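Observations on chain architecture
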Amino acid sequence: MSARVDAYIWAIRLTKTRSAAGDACRGGHVRVNGATAKPAQHVSIGDEVRLRLGGRERIVEVTQVITKRVSPAAASACYIDKSPPPPAKEILASQPRRDRGAGRPTKRERREIDKLMRGGFLVSLAVLIALIGSACSSDSDDSGGNSNGNAAAPPAKAGSGPFFGECGGVTTEEVNNLTKLGTLTNTVNNPSVCEWSSSADRTGPVASFNWYRGSPIGRERATEQLSRESTKDIEINGHKGFIASDTGICEIGIAFGADFFEWSVSAGTSSLSAQAPDTQQICDATRELSAMSIERAS
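Described in the following lines is the structure provided in the data block. In this text the structure is predicted, and so the values were computed from the model without any measurement. (Residues numbered from 1 in each chain as written. Predicted model: local features only at pLDDT ≥ 70, side-chain atom pairs only at ≥ 80, totals over all residues. Heavy atoms only, no water.)

**Quick look at the overall build of the protein**
Worth spelling out the cut-off: Under the DSSP-based scheme used, a helix requires at least four consecutive residues in state H or I and a strand at least two consecutive residues in state E, with every element numbered from the N terminus. The contact rule is simple, with two residues in contact once any of their heavy atoms fall within 4.5 Å. Calculation of accessible area relied on Shrake-Rupley with a 1.4 Å probe; when residues are assessed, cover is drawn exclusively from the protein chains displayed.
Along the backbone of the protein there are 9 helices and 14 strands. Long-range pairs, those at least 24 residues apart, make up 55% of the contacts in the protein between residues at least 6 apart in sequence. Total accessible area on the protein stands at roughly 15,400 Å², and carbon and sulfur atoms take up 52% of it.

Below is the structure:
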């Protein structure tokens, strides 16, 4: 027995509405067994479903398939919750918030929020503290330096980054040659998402390219830090971002102004076997794919 993933995550109360579940899938925020899922993707008992919503990642293992919304107590019996704990208070405190009733942010306020979010939550807190200290000082500082001592670039307009072309400018043959995870077939291909998988049920190896326009990379990095064993800052061909990895999976996000892209390579359920590819090998392939997208961007 199986069910559409948008119906399932709504039925077990991970989203408030069915339409919100569909929007999360279309936005690339839902994964089934490590692969980006469309609303119509089916899930079965034993599948792992990941949902990123509200700055937090929920990870559940399907134990009972349902399509109708049930009570919280009944819903909890339909999955095993493997979600990481909620973000620490320090991280939440560093996230910019707006007073209730203050209305929508002005353009200037949105630019300041984007500037804070691009550096990640913890870095944002450090920048905010530095700004407060500077304001209290009797000497003005017009250097515009950030926590790394470099000039802080103004936030770019959403979508002002380069054009990456179809599937990040990378072909299916190149994906197979680099990942060495068997024969992967291009199963999803649209302007913002490309995906290659080895099986219809997506339990095998999967590679994907996602292009996020007007979305702060700092928020994505913070989410990865909460859900992956290792998350580090990296730089590829002069472009900064992060690399997040766990057993059998590696993800790299690279920022371009107010846009960023993310390459993800997963060994699927085979990552649990003795013959599973080394995680470092998977990360090396993910790094090469990211470098190729950077080099071929226009």
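The rest of the description comes next.
**Let's talk about the state of the cysteines**
This is how it is decided: Any pair of cysteine sulfurs within 2.5 Å is marked as a disulfide. To sort residues, take the accessible area from a 1.4 Å probe on protein chains only and compare it with the maximum for the residue type: under 20% means buried, over 50% means exposed, and anything in between is partly exposed.
Taken as a whole, this structure holds 2 disulfides when the rule is applied. The partner cysteine of Cys167 in its disulfide is Cys194, sulfur to sulfur 1.9 Å. Disulfide Cys167-Cys194: torsion about the S-S bond near -55°, hence left-handed. Taken as a pair, Cys167 in the loop between helix 6 (121-136) and helix 7 (172-179) and Cys194 in strand 9 (residues 193-197) lie far apart in primary sequence, 27 residues in all. Side by side, Cys167 and Cys194 carry an identical accessibility label, which is buried. What connects to what in the protein, once the bonded cysteines are numbered by sequence position, is 1-2, 3-4.

**Details of the nonpolar core**
Taken as a class, soluble globular proteins show a tendency for nonpolar side chains to be buried jointly. As a reminder of what qualifies: The definition of a nonpolar core used throughout is a set of buried Ala, Val, Leu, Ile, Met, Phe, Trp, Tyr and Cys residues joined through side-chain atoms within 4.5 Å.
If you look at the biggest cluster of nonpolar residues, it comprises 28 residues, and the most contacted ones within it are Val175, Trp196, Phe209, Ile236, Ile254, Phe261 and Trp263. Within the residue set of this core, elements represented by two or more residues are strand 9, strand 10 (206-212), strand 11 (230-236), strand 13 (249-256), strand 14 (259-266) and helix 9 (279-296). Ranked by residue count, the leading element in this core is helix 9, at 6 residues. When residues no more than four places from it in sequence are discounted, the contact partners of Phe209 are Phe164, Cys167, Gly168, Ser192, Val193, Cys194, Trp196, Phe261, Glu262, Trp263 and Ser293. Formed by 23 residues, the second largest nonpolar core is a distinct cluster that contains Ile12, Ala24, Val62 and Ile66.

**Concerning the side chain of Glu262**
Rules: Two N or O atoms count as a polar contact when they lie within 3.5 Å, although within protein this holds only if one can serve as hydrogen donor and the other as acceptor, and sequence-adjacent residues are included solely when both atoms are side-chain atoms.
Along the polypeptide, Glu262 turns up in strand 14. Side-chain polar atoms of Glu262 contact the side chain of Arg31, separated by 3.2 Å. Glu262 has contacts with Arg31, Arg52, Ser208, Phe209, Asn210, Tyr212, Glu220, Glu224, Phe242, Glu251, Ile252 and Gly253, leaving out every residue within four places of it along the chain.

**Focus on the environment of Leu51**
Counting through the fold element by element, Leu51 comes out in strand 5 (residues 48-53). Residue Leu51 is classed as buried on the basis of its relative accessible area of 0%. A sequence separation of 23 residues divides Leu51 from Gly28, and the C-alpha atoms of the two residues are 9.3 Å apart. Residues in contact with Leu51, not counting those within four places in the same chain, are Ile9, Leu14, Thr15, Ala24, His29, Val30, Arg56, Glu57 and Arg58.

**Quick word on the sheet that holds strand 2 (residues 30-32)**
Hydrogen bonds along the backbone pair up the strands of a sheet, which may run parallel or antiparallel. Note the threshold: The criterion for strand pairing is that DSSP finds at least two bridges linking the strands in question. Axis geometry follows a simple rule: fit a line to the C-alpha atoms, using only the stretch in contact for helices, then measure angles between N-to-C directions, giving values from 0 to 180 degrees.
Strand order in the open sheet made by the 5 strands is 3-2-5-6-7, with antiparallel pairing throughout. In this open sheet, the two strands that pair with only one neighbour each are strand 3 (35-36) and strand 7 (79-81). Where strand 2 meets strand 3, 2 bridges bridge the pair, whose relative direction is antiparallel. Residue pairing across strands places Arg31 opposite Thr36, the latter belonging to strand 3. Against the sheet, helix 8 (residues 217-227) contacts strand 5 and strand 6 (56-62), and its axis sits at roughly 140° relative to strand 5.

**Side note on a negative patch on the surface**
Convention followed: Only residues whose relative accessible area exceeds 30% and that take part in no salt bridge are eligible for patches, with like-charged residues grouped when within 9 Å of each other and nonpolar side chains (Val, Leu, Ile, Met, Phe, Trp, Tyr) grouped when within 5 Å. Put simply, a salt bridge is a Lys or Arg side-chain nitrogen that is within 4 Å of an Asp or Glu carboxyl oxygen. All tallies of charge rest on Lys and Arg as positive and Asp and Glu as negative; His and the ends of each chain are not included. Charge coordinates come from a single atom per side chain, which is NZ of Lys, CZ of Arg, CG of Asp or CD of Glu.
Taken together, the side chains of Asp278, Asp284, Glu288 and Glu295 make up a negatively charged region of the molecular surface. As for its placement among the helices and strands, Asp278 is situated in the loop between strand 14 and helix 9. Asp278 sits in the partly exposed class, given a relative accessible area of 47%.

**Details of helix 2 (residues 18-26)**
Put simply, the rule reads: Summarising the geometry, the arc corresponds to the directions from the helix axis toward the C-beta atoms.
Every buried residue of helix 2 is accounted for by Ala21, Gly22, Ala24 and Cys25. Buried residues in helix 2, looked at end-on, bunch into an arc of 160°, giving them a common side.

**Things to note about the pairing of strand 11**
Both strand 11 and strand 12 (residues 239-246) contribute to a ladder of 7 bridges, which runs antiparallel. From the neighbouring strand, Ser230 faces strand 12, where its bridge partner is Ser245. Counting the residues that bridge the hairpin from strand 11 to strand 12 gives 2 residues, and of these Asn237 lies at a positive phi of roughly 50°.

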